[in-house]
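Observations on the model geometry
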Amino acid sequence: MHLVTLIPGDGIGPEITKAVTDIFAAAQVPVQWEEQNAGQTTFDQSGELIPVALLKSLEKNKVALKGPITTPVGKGFRSINVTLRQKYDLYQNVRPSKTTPGIHTRYEGIDLVLFRENTEGLYSGLEVFDERLGIADSIARVTVEGSRKICRAAFAYANRHGRKKVTLAHKANIIKMAGTIMINACKEASLEFPHIVFEDKIIDNMCMQLVSKPEQFDVIVTTNLFGDLLSDLCAGLVGGLGVVAGANIGDNMAIFEAVHGSAPDIAGQGKANPTALLRSAIMMLHHLGEHVVADRLDKALDDTLLHQEQCTGDLGGRATTSEFTQHIIDKL
Ligand code: NAD
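Residues numbered from 1 in each chain as written. Predicted model: local features only at pLDDT ≥ 70, side-chain atom pairs only at ≥ 80, totals over all residues.

The name an unreviewed UniProt entry assigns to the protein chain is Isocitrate dehydrogenase (NAD+), from the organism Hymenobacter caeli.

The subject of this paragraph is the pairing of strand E5 (residues 111-117). Judged by how many residues are buried, E5 sits mostly within the fold: 6 of 7 residues are covered. Bridge count for strand E4 (residues 92-98) against E5 is 7 bridges, and the pairing is antiparallel. Looking at the pairing, Asn93 lines up with Arg116 of E5. Of the pairings in the sheet, the one linking E5 to strand E10 (residues 219-222) comprises 4 bridges and is parallel in character. Its bridge partner lying in E10, Val113 is registered against Val219. (Buried ≥ 20, exposed ≤ 12 C-beta atoms within 10 Å, placed from the backbone. Helix = DSSP H or I, 4+ residues; strand = E, 2+ residues; numbered from the N terminus. Pairing = 2+ DSSP bridges.)

Domain boundaries assigned for the protein chain yield domain 1 (1-90 + 241-332) and domain 2 (106-237). Centre-to-centre separation of domain 1 and domain 2, based on C-alpha positions: 25 Å. Across the contact, 10 residues belong to domain 1 and 7 residues belong to domain 2. Tallying contributions element by element places helix H4 (residues 80-87) first for the side of domain 1 that touches domain 2, with 3 residues. Its residues placed into classes, the side of domain 1 that touches domain 2 shows 5 nonpolar, 2 polar and 3 charged. (Domains from an automatic or database assignment. Contact = placed C-beta atoms within 7 Å. Nonpolar A, V, L, I, M, F, W, Y, C, P; charged D, E, K, R; others polar.)

When the UniProt feature table is mapped to this numbering, "domain: Isopropylmalate dehydrogenase-like" (unreviewed entry) covers residues 3-328. As a span, residues 3-328 carries 41% helix and 21% strand, and end to end its C-alpha atoms are 24 Å apart. (UniProt positions renumbered as here; feature names shortened; annotations may be inferred.)

This is the structure:
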């Protein structure tokens with residue numbers, strides 16, 4: 001039995017985490033959940049944004065499944081997601097996007113994995129606003145060490161999974177210093193894996209290529225902000241934010257969560273698609289070495305996605321979150 005920290009999160013978080021825990025219970029997955037929460041609701045109840053009990057649970061279990069957490073725009077508290085990623089050096093944000101039979105999209109044959117640097121860049125939290133001068137400085141700190149780690153992780157993943165190519169997306173023509181560090185880090189990593197093709201593309205061209213010929217990409221590696229933007233773009237290529245999984249991975253801890261946010265526009269209405277979080281949970285099972293049950297869940301999910309009428313509205317279906325969940329359970 002694996003002890004795993006479960007963070008339901010905000011907005012649609014509790015609905016989609018319930019879907020996943022129901023499916024896990026039906027499949028008798030050997031996971032025992034330890035529920036802890038964070039964010040505004042937790043603060044209102046306990047006076048703690050990130051409770052000490054949550055940190056202790058993470059440090060003990062080293063694996064977590066997390067729902068999305070709302071972050072106020074412009075003001076208010078700092079993102080809890082970014083805080084946890086930095087605190088535990090979860091430097092890899094791994095986000096696979098793959099065409100799924102049954103999910104109707106404009107594209108076919110997409111099977112790419114995005115490696116987003118997860119602790120540095122414009123998300124470093126190095127910001128000052130001089131009100132008198134009317135100047136805001138938001139510093140994109142990129143380190144040689146951090147760049148080496150994420151680039152090596154992308155190549156090592158490509159090697160482990162028999163992938164052929166790693167593409168670095170950067171803006172080194174304008175942001176010369178940070179961009180060059182990433183190019184050099186990738187070149188260094190590519191020497192270790194000479195059988196994997198390495199190419200680099202400027203981010204603006206990368207966006208155009210991704211929407212015109214996305215099937216050319218295999219593994220993509222990039223800095224924090226570019227990775228955040230590209231992963232939502234990639235989600236749009238394969239069916240939307242409701243279906244794309246993710247993992248925040250460090251050397252000692254991993255937190256699995258969907259790419260999407262708390263979706264306040266549909267929260268509490270039974271409209272949320274739990275696929276993205278379920279797929280994140282399936283990634284978590286592979287991480288825990290539970291490959292057989294992970295494949296069983298994957299198959300039940302794929303079988304359900306083949307029937308559009310059994311899916312949620314974002315995929316063109318009419319099912320509620322709990323009806324869709326029941327269809328997956330029926331297929332197990
Ligand atoms: P969002 O991802 O929450 O929603 C964007 C759009 O996608 C909305 O129309 C939403 O309804 C839809 N959508 C998202 N997930 C869906 C699902 N599972 N099923 C069906 N439709 C889904 O992005 P946003 O509205 O820009 O952000 C809302 C909040 O989430 C913000 O506070 C933001 O900071 C936060 N956020 C958190 C995380 C995280 O916890 N990792 C990630 C991204 C955004």
